[in-house]
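Notes for the structure review
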Amino acid sequence: MSYNLAPLQNLIDQFERMQGIGHKTAQRMAFYVLGLSDEEANNFAKAITDAHTKIKQCSVCCNLADSELCHICQSTARDKSVICVVEDPRDVAAIERTHEYNGTYHVLHGAISPMDNIGPDQIKIKELMARLNDDTVEEVIMATNPTVEGEATAMYISRLLKPLGITVSRLAYGVPVGADLEYADEVTLSRALEGRSLI
C-alpha cells in the first residue's frame, strides 16, 4: 500500500532498502519513528549521522573503528601471530562471542564473485598481504563463508600465502549441534567428515 503522504512513503521506502527488511516491517519501523517525540526523533537521527560519519575502517585490519585502530588491534593482550580472515565486520562479532579466539582479524569487506564483478582488487586482499611483511604472522585462519564465493576467496588467498611459508588453515564446517544427520546435505556431511577430530 502506498501512502499519499510523501515524507511517510519516503521513510518507508528508505527502511525497505535495508537488507532483510520487507514492506510490512518497513511500515512498522516508519510508524514507530512517527510516534517518537521530537527529542527522541532527533536523537535517533543523530545516532544514524554519528555512526555514518564517525565509524571508519581500522588502518590495520579494516574492521570497524571509531579511531585509527580498532580495539582489537590496539590490545596488547591479543596474539599478533595469528590473523583470522573474515568477509564482514559482523563475522568478527560472531567469532568474538565465542570467547575462544585471542588472535587478530582481517576483514575483507566482501568475497571474490566474478558474477557480481567483484575481483581480488575490490576487496581488502592487498591490505592483508601488506600485514605479512614483518614476519610477525605465523598462521592465517580462513574464516570466509562456506559459499562458492567464500571458498573461492579462501583458495585464492591461500595460494598467495603458500610461497610466504605462513601456515594457512580453514575453519572446520559440518553438522551443527542439535541437528539430525538425515537433514544435512552432502556438502555439509563431507565437511563434517573432513573436519572430524579425536574424542
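Data block above holds the structure.
Report on the accompanying structure. (Residues numbered from 1 in each chain as written. Predicted model: local features only at pLDDT ≥ 70, side-chain atom pairs only at ≥ 80, totals over all residues. Heavy atoms only, no water.)

1. Points about the pattern of salt bridges
Keep this limit in mind: Salt bridge, as applied in this entry: a Lys or Arg side-chain nitrogen positioned within 4 Å of an Asp or Glu carboxyl oxygen. The helix and strand labels rest on DSSP assignments: H or I over at least four residues marks a helix, E over at least two residues marks a strand, and numbering proceeds from the N terminus. Only protein chains enter the accessibility calculation, which uses a 1.4 Å probe; a residue is then buried when its area is under 20% of its type maximum, exposed when over 50%, and partly exposed in between.
In this structure the tally under the stated criterion is five salt bridges. For Asp-50, the salt bridge goes to Lys-54, with nearest N and O atoms at 3.9 Å. Residue Asp-50 and its partner Lys-54 are located together in helix α3 (residues 38–54), separated by four residues, close to a single helical turn. Judged by relative accessible area, which is 23%, Asp-50 ranks as partly exposed. Judged by its relative accessible area of 48%, Lys-54 falls in the partly exposed class. Note that Arg-170 is salt-bridged to Glu-151, the shortest N-O span being 3.0 Å. In this pair, Arg-170 is assigned in strand β6 (residues 167–170) and Glu-151 in helix α7 (residues 148–161), connecting sequence segments 19 residues apart. Residue Arg-170 is classed as partly exposed on the basis of its relative accessible area of 24%. Linked through salt bridges whose partners overlap, the residues forming this network are Lys-46, Asp-50 and Lys-54.

2. Overview of helix α2 (residues 23–34)
Just so we agree on the cut-off: Helices are assigned an expected span. That span is 1.5 Å times one less than the residue count. As used here, the arc belongs to the directions running from the helix axis to the C-beta atoms. Between two residues, a contact is recorded if the distance between any of their heavy atoms is within 4.5 Å.
For α2, with twelve residues, the first-to-last C-alpha span of 17 Å sits near the 16 Å given by 1.5 Å per residue. Among all positions of α2, only Ala-26, Gln-27, Ala-30 and Val-33 are buried. End-on view of α2: buried residues confined to an arc of 125°, all on one side of the axis. Residues of α2 that are exposed and point more than 90 degrees away from the buried face comprise Lys-24, Arg-28 and Tyr-32. The secondary structure elements touched by the buried residues of α2 are α1 (6–16) and α3.

3. Digging into the sheet that holds strand β3 (residues 79–86)
Put simply, the rule is: Two strands are said to pair when DSSP picks up at least two bridges between them. For helices, the fitted axis covers only the stretch in contact; all axes are lines through C-alpha atoms, and the angles between them, taken along N-to-C directions, range from 0 to 180 degrees.
Strand order in the open sheet formed by four strands is β4-β3-β5-β6, with parallel pairing between adjacent strands. Two strands bound the open sheet, and with one partner strand each, they are β4 (103–107) and β6. Sheet twist, expressed as the mean angle between neighbouring strand axes with direction ignored, is 25°. One ladder, built from four bridges, connects strand β5 (residues 139–142) with β6; its direction is parallel.

4. What about the packing of α1 against α2?
Stated formally: Each angle gets one of four labels, with under 35 degrees taken as roughly parallel, over 145 as roughly antiparallel, 65 to 115 as roughly perpendicular, and the rest as oblique. The hand of a helix crossing depends on one turn: near helix anticlockwise from the far one by less than a right angle means left-handed, and clockwise means right-handed. Polar here means any residue other than Ala, Val, Leu, Ile, Met, Phe, Trp, Tyr, Cys and Pro, which are nonpolar, and Asp, Glu, Lys and Arg, which are charged; Gly is therefore polar.
Closest axis-to-axis distance for the α1/α2 pair is 8 Å, and the angle between their directions is 125°. In terms of orientation, α1 and α2 fall into the oblique class. α1 and α2 meet at a crossing whose hand is right-handed. Each of Leu-8, Leu-11, Ile-12, Phe-15 and Glu-16 in α1 lies in contact with α2, whose residues at this interface are His-23, Ala-26, Gln-27, Met-29, Ala-30, Phe-31, Val-33 and Leu-34. A class-by-class count of the residues in the contact of α1 with α2 yields ten nonpolar, two polar and one charged.

5. Brief notes about the packing of aromatic side chains
Using the following cut-off: Classification of ring pairs uses Phe, Tyr and Trp, with its six-membered ring standing for Trp, and accepts pairs whose centres are within 6.5 Å; under 30 degrees between planes counts as stacked, over 60 as edge-to-face, and the remaining range as tilted.
The tally for this structure, following the rule as stated, stands at one aromatic pair. Judged by centre distance (5.2 Å) and plane angle (65°), the rings of Tyr-101 and Tyr-105 are edge-to-face. The residues Tyr-101 and Tyr-105 share a single accessibility class, namely buried.

6. Structural notes on the environment of Ala-65
Tracing the backbone shows Ala-65 in strand β2 (residues 64–65). For Ala-65, a relative accessible area of 6% gives the class buried. Sequence spacing of Ala-65 and Lys-54 is eleven residues, and the spatial spacing of their C-alpha atoms is 8.4 Å. Among residues more than four places away in sequence, those in contact with Ala-65 are Lys-54, Ile-55, Lys-56, Cys-58 and Cys-70.

7. Details of the nonpolar core
Cut-off, in case you're wondering: Buried residues of nine kinds, namely Ala, Val, Leu, Ile, Met, Phe, Trp, Tyr and Cys, make up a nonpolar core once their side-chain atoms join them within 4.5 Å.
Among the nonpolar cores identified, the biggest contains 16 residues, and Cys-70, Cys-84, Val-86, Ile-95, Tyr-101 and Tyr-105 are the most heavily contacted of them. Where this core is concerned, the elements lending two or more residues are α4 (71–74), β3, α5 (89–96) and β4. Broken down by element, this core gets its largest block of residues, three residues, from β3. Formed by 15 residues, the second largest nonpolar core is a distinct cluster that contains Ile-83, Val-85, Ile-123 and Val-140.

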